[in-house]
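Per-entry structural report
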Amino acid sequence: MKSPANPSPIRSDPNWWKKTTVYHIYLRSFYDANGDGIGDIQGVIERLDYLADLGYETVWISPFTQSPQRDFGYDISDYLSISAQYGDMPLFEKLVQEIHSRKMKIVFDLVLNHTSDEHDWFKESASSRDNPKADWYIWKDGKGRDGRRPPNNWRAMAGNRAWTYYPGRKQFNYTAFLPFQPDLNYRNPEVKQAMFDVVRFWLYKGVDGFRLDIISAIYEDPELRHNPPSLRLTPSDKALTIFFQNLKNNFLQTESFEFAAELRKVTDEFDNPKRVLIGESHGEEELIRRFCHDNGKRGLDAIFLFKAISTPFKAENYRQLLETFEKHFPPPLVPTLVFANHDRNRVISRLGGNIEKAKLLALFQFTCRGIPFTYYGDEIGMPRVRIPLKQGQDALAMQHRWVPQFLVDRSKEILNRDECRTPMLWDEKPNAGFCSDSVKPWLPLAENFREINVAKQSSDPYSLLNFYRRVIRLRNTTPALNEGQMEIANDICNKKVLAYYRTFGNKRLAVLLNMSESAVKNPVGHDEIAISTHHGAETHRLQPFEGRVVRLQ
Ligand code: GLC
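This report concerns the structure included in the present document. None of these values were measured; they are calculated from a predicted model.

Next up on the list: the packing of aromatic side chains. Across all of its chains, the model carries 42 aromatic pairs by this definition. Residues Trp-154 and Tyr-174 carry aromatic rings whose centres are separated by 5.5 Å and whose planes lie at 75° to one another, so their mutual orientation is edge-to-face. Placement of Trp-154 in the loop between β6 (139-140) and β7 (163-166) and of Tyr-174 in strand β8 (residues 171-174) is noted, with a sequence separation of 20 residues between them. For the residue pair Trp-154 and Tyr-174, the accessibility class agrees, reading buried in each case. Relative to Tyr-219, the ring of Tyr-186 lies with its centre 6.4 Å away and its plane at 55°, an arrangement referred to as tilted. Of this pair, Tyr-186 sits in the loop between β8 and α6 (189-204) while Tyr-219 sits in the loop between β9 (209-212) and β10 (241-242), placing them 33 residues apart in sequence. Through pairs of rings, three or more aromatic residues link up here, namely Tyr-23, Phe-30, Tyr-31, Tyr-50, Tyr-56, Phe-366, Tyr-375, Tyr-376, Trp-426 and Tyr-468. Above the ring of Trp-16, the side-chain terminus of Lys-105 is found at 4.6 Å from the ring centroid. One residue, Arg-346, lies across the ring of Tyr-376, its end atom 4.7 Å from the ring centre.

Here is the structure:
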């Protein structure tokens, strides 16, 4: 592959992160360079030109430090060394260098909330009630005569009970996710210092920021009060609930927002260039915005807004979504635009395989105010691969093996996260070019990889991939799109059309998205089309599912 120049104009700017575009790599599945059927760091290095050529500026890579891999890296047993299956420290250093030499940024996926139960800290902590690390995790006596009833009713985010009994300590241990991922106790100042040193270690190595895993869970109610009931069984993108419980007391505490401000300070020790903090949290926007700004203090730069994932593909719903984002994240705050990740269904599968809708969604994502995140493979419309729950390698799938498959099949979301983590489809070769044909990829490939792959779409000017390339380039070279003001065009919006204006200086653009299956009259009647999702767009009307950007001035 040639080594293309990234056209993005925004590198040394301290606000680079506001204007950036992020590509999210699930490392195990991106590109296997060492021939074991699992993606690796060398594989990312070899494919960086692909991302630079598309115009992405920032790469977020899923965790690669030492881990028993029960949650594929989100269960860490050593924060300061690299898991051998992905590479080693010199290779990581090379990765940083290769990314920076392309004027790109690297975001490190940092799991502060919990470690693996195989971390030495935890082994020590679990060994007795009076060892030096006894208080590094969250331990509580149980209830009842024999102390075998959990301290309270808390559920973990994965749906399971949040407490596990450890006979060694005759106590319960708290986990916000799965039982092998014990939560660190941030009320212990030693823990905070140890983890802030981890932060410094990676900043010193040159990472440009962090994606903060499950930051919503960093503190719990000190009095361990029971959680109130909720009407919902399954998780929601609107509120933090699961299994008929509102996770009010084990997530999103006041201290969590204060912690964000402390983390900001530590991160700002390394301010040249400016580093970014992006948090993962579910919950209502008015609450989670406090991670970014609380009590007059700056915290994280941005927080994932997952509501977009489950918003129905309708103009009015999207208009409301934008209104909510703008209301709670007005400038100088910046919303995030997230439609998929390594825990959720694939975009194209949610859209019923409709490429026109996928192009429209990409146009929306790269032209409205916010930081767009692309989950690897979504740029070619890589589909969800159905893998029965019982065959799941994903720990969440293993935990939910009891759920009847027919219920899983009916759900819009995935329970077996393997389904959205399958190997990247590079070309038509036997393993879709992800790994050599002499080895079996760690997860099955999408069956239609001969029709859907990077090589094929690269040579088709009207492919989804080439639309991504065009729209990202337009964004990168148009200040109105990457840093301009945004205004919802309420006078134009209707049941079928979503419209907004982007303005920078005297340049003004209108973005028109026909989210319906019928053609509509072009509501601005202007003819200078900067981009359209459709080939041969007509001036006076928008075709079904056509989106376009027009220059007004
Ligand atoms: C986050 C990650 C998910 C992981 C969990 C526990 O939600 O996105 O993949 O399993 O945290 O770390």
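Across the sheet, which stays open at both edges, the three strands sit in the order β6-β8-β7 with antiparallel pairing between neighbours. In the strand order of this sheet, the two ends are held by β6 and β7, each with one partner. As judged from the four bridges shared by β7 and β8, these two strands associate in the antiparallel manner. Paired with Tyr-165 across the two strands is Phe-172, which belongs to β8.

So, about the sheet that holds strand β16 (residues 336-338). Judged by pairing direction, the sheet is parallel, and its eight strands sit side by side in the order β15-β12-β9-β5-β2-β1-β17-β16 without closing on themselves. Here the strands that pair on one side only, and so sit at the sheet edges, are β15 (302-303) and β16. With three bridges connecting them, strand β5 (residues 105-110) and β9 associate as parallel partners. Paired with Leu-110 across the bridge in β9 is Leu-212.

Further remarks concern the pattern of salt bridges. In this structure the tally under the stated criterion is 41 salt bridges. In this structure, Asp-49 engages Arg-102 in a salt bridge whose closest nitrogen and oxygen atoms are separated by 2.6 Å. Within this pair, whereas Asp-49 is found in helix α3 (residues 48-54), its partner Arg-102 is found in the loop between α4 (89-101) and β5, the two being separated by 53 residues in sequence. Relative accessible area serves as the criterion here: at 15%, Arg-102 is assigned to the buried category. Linked by salt bridges that have partners in common, Asp-71, Asp-343, Asp-394, Arg-417 and Arg-421 make up one network.

About the thresholds
- Residues numbered from 1 in each chain as written.
- Predicted model: local features only at pLDDT ≥ 70, side-chain atom pairs only at ≥ 80, totals over all residues.
- Heavy atoms only, no water.
- Phe/Tyr/Trp six-rings, centres within 6.5 Å; stacked < 30°, edge-to-face > 60°.
- Helix = DSSP H or I, 4+ residues; strand = E, 2+ residues; numbered from the N terminus.
- Buried < 20%, exposed > 50% of the residue type's maximum accessible area, 1.4 Å probe, protein only.
- Lys NZ or Arg CZ within 6 Å of the ring centre and 35° of its normal.
- Pairing = 2+ DSSP bridges.
- Salt bridge = Lys/Arg side-chain N within 4 Å of Asp/Glu carboxyl O.

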